[in-house]
Amino acid sequence: MQEQIYTNYRLLLPTEEVLGTIAVKDGIIVDIQPGIISQGQDGAGNYLLPGLIELHTDNLEKCISPRPGVRWNLDAAAVNHDRDLISSGITTVCDAIAIGDVTPKQDSLRLHHYAPIIDAVSEGQTAGRFSANHLLHLRCELGYEHLYQTIEPLTHHPLLALISLMDHTPGQRQFINVDKYKQYYVGKHGVPIEKMEDFVTMRLENQRQYAKNNRQALVNLTQAKGISLASHDDATVEHVRQAIAEGVVLAEFPTTIDAAKEAHSNSLQVLMGAPNIVLGGSHSGNVSAMELVELDIVDIISSDYVPRSLLQSIFIICQQTNKPLYEAIALVTLNAAKAINLDIEIGSLEVGKKADFISVHDDGIVPRILEVYKQGKRVA
């Protein structure tokens, strides 16, 4: 296959920004040089940066259930989800599949439909329906009685990249404010307001009965199989120290400065949400992601529930902190790749890595994605 040449781009390399030229052959970056040449695709001075990597997105759930009580066809929802991601510059994604987040509804998406959702992702990937590369992130609700029996068979899945330990019990971690908890489950999951008190009581009892044993069982399982493990919504130093002892590599959405500092100082990669940055704060009333960025204790940014927020958050970080863009971009590329052991293949513009990249025009207001390439092939 003939080389593809991309010239006159502002290349965001791992340690510098260079106006230059990149060459691709057979889907792999084969050369990077400063300077502009007369042949190849002219980037007109726009940015060229690595394809974004997303470790935790709820967008698939939103595509399946755009409103409480609505269920979209799973295969169509998975394709729609993929198009949302690729148009947002996300070329590799860990689709977050929540298991065991029990609600009073008989048709709970997170209790009864996880298996067909996983099948839709797996089959879509195998069939070539997707433009992005899809992996699985199993979000495990520790208070669910049958959690271990559900998760153990899934640890053999070829797309599994990450398991996270969740505890959404009211009154702690993300939901230390119980009113926020009620607002969230009524709004997002359609729990009837008249059933909320019984629901809160049930969740408290489930945690008391099952959370401790489930957590230890999953820690043992991930250690035995070498699967990357994440903690979720750590609120205290004690939460983080427990996670460290369990071999956790990624601290998702710590809710306080103290927890984030403890995680970062002990080499856990701290992940925060892009919507938190774009909106200027947490919708749950927890710590500001930008405050943690300014303290240099954030390693990874996730789009969480808004795919298009991922790229925008990086430009906002640069505007507010004066970080160079080539440095900030690692928060949504290389650092995320390292967390799931894919940094040899993707995550940066380097010779020998896959040609997953995006071109971006920035007018100082909102960065606009112009083109998206996956292994040298334009996909958006």
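Up top is the structure.
In what follows, the accompanying structure is described. Everything quoted here is computed from the prediction, not taken from an experiment.

1. Section: the packing of helix α8 (residues 237-245) against helix α9 (residues 257-265)
Reasoning step 1: Their axes nearest at 8 Å, the elements α8 and α9 cross at an angle of 25°. With respect to each other, α8 and α9 are oriented roughly parallel. Viewed along their axes, α8 and α9 form a crossing whose handedness is right-handed. Facing Val237, Val240 and Arg241 of α8, the residues of α9 in contact are Asp258, Ala259, Glu262 and Ala263.

2. Regarding the pattern of salt bridges
Reasoning step 1: Here the structure, examined in full by the defined rule, presents ten salt bridges.
Reasoning step 2: Asp58 is the salt-bridge partner of Arg139, the closest N and O atoms lying 3.1 Å from each other. Taken as a pair, Arg139 in strand β8 (residues 133-141) and Asp58 in the loop between β6 (52-57) and α1 (59-64) lie far apart in primary sequence, 81 residues in all.
Reasoning step 3: Between Lys323 and Glu327 there is a salt bridge whose closest N-O contact spans 3.4 Å.
Reasoning step 4: Residue Glu327 is classed as partly exposed on the basis of its relative accessible area, which comes to 39%.
Reasoning step 5: Residues joined by salt bridges that share partners form a network here, namely Asp296, Lys323 and Glu327.

3. Examining the nonpolar core
Reasoning step 1: Judged by nonpolar contacts, the single largest core of 93 residues is most densely connected at Leu55, Leu138 and Ile301.
Reasoning step 2: Leave out the neighbours within four places in its chain, and Leu55 touches Cys94, His137, Leu162, Leu250, Leu271, Ile300, Ala336, Ala339 and Ile340.
Reasoning step 3: Membership of the second largest hydrophobic core comes to 14 residues, among which are Tyr6, Leu11, Ile22 and Leu349.

4. Considerations on the packing of aromatic side chains
Reasoning step 1: All chains considered together, the criterion is met by four aromatic pairs.
Reasoning step 2: For the ring pair Tyr47 and Phe315, a centre distance of 6.0 Å and an interplane angle of 70° mean the geometry is edge-to-face. Taken together, the positions of Tyr47 in strand β5 (residues 47-50) and Phe315 in helix α12 (residues 309-321) put the pair 268 residues apart, joining distant regions of the chain. The same class applies to Tyr47 and to Phe315, which are both buried.
Reasoning step 3: Arranged with centres 5.2 Å apart and planes meeting at 45°, the rings of Phe357 and Tyr373 form a pair that is tilted. Here the residue Phe357 occupies a position in strand β14 (residues 357-361), and Tyr373 occupies one in strand β15 (residues 368-374), the gap between them amounting to 16 residues.
Reasoning step 4: Of the residues examined, Phe357 reaches a relative accessible area of 0% and is grouped as buried.
Reasoning step 5: Looking at Tyr373, the relative accessible area reads 5%, which means it is buried.

5. So, α12
Reasoning step 1: With 13 residues, α12 extends 18 Å from end C-alpha to end C-alpha; this agrees with the ideal 18 Å at 1.5 Å per step.
Reasoning step 2: Those residues of α12 that fall on the buried side of the exposure criterion are Ser309, Leu310, Leu311, Ser313, Ile314, Phe315, Ile316, Ile317 and Cys318.
Reasoning step 3: Just beyond α12, the residue with positive phi is Asn322, at close to 65°.

6. Concerning the environment of Ile90
Reasoning step 1: Note that Ile90 resides in strand β7 (residues 90-99).
Reasoning step 2: Of the residues examined, Ile90 reaches a relative accessible area of 0% and is grouped as buried.
Reasoning step 3: Considering only alpha carbons, one finds Ile90 and Gly51, 39 residues apart in sequence, at a separation of 5.9 Å.
Reasoning step 4: Ignoring any residue separated from it by four or fewer positions in sequence, one finds Ile90 in contact with Leu52, Glu54, Leu85, Ala132, Ser303, Pro307 and Leu310.

What counts and how
Residues numbered from 1 in each chain as written. Predicted model: local features only at pLDDT ≥ 70, side-chain atom pairs only at ≥ 80, totals over all residues. Heavy atoms only, no water. Axes fitted to C-alpha atoms, helices over the stretch in contact; angles between N-to-C directions. Helix = DSSP H or I, 4+ residues; strand = E, 2+ residues; numbered from the N terminus. Parallel < 35°, antiparallel > 145°, perpendicular 65-115°, else oblique. Left-handed = near helix turned anticlockwise from the far one by under 90°. Contact = heavy atoms within 4.5 Å. Salt bridge = Lys/Arg side-chain N within 4 Å of Asp/Glu carboxyl O. Buried < 20%, exposed > 50% of the residue type's maximum accessible area, 1.4 Å probe, protein only. Core = buried A, V, L, I, M, F, W, Y, C linked by side-chain atoms within 4.5 Å. Phe/Tyr/Trp six-rings, centres within 6.5 Å; stacked < 30°, edge-to-face > 60°. Expected span 1.5 Å × (residues − 1).

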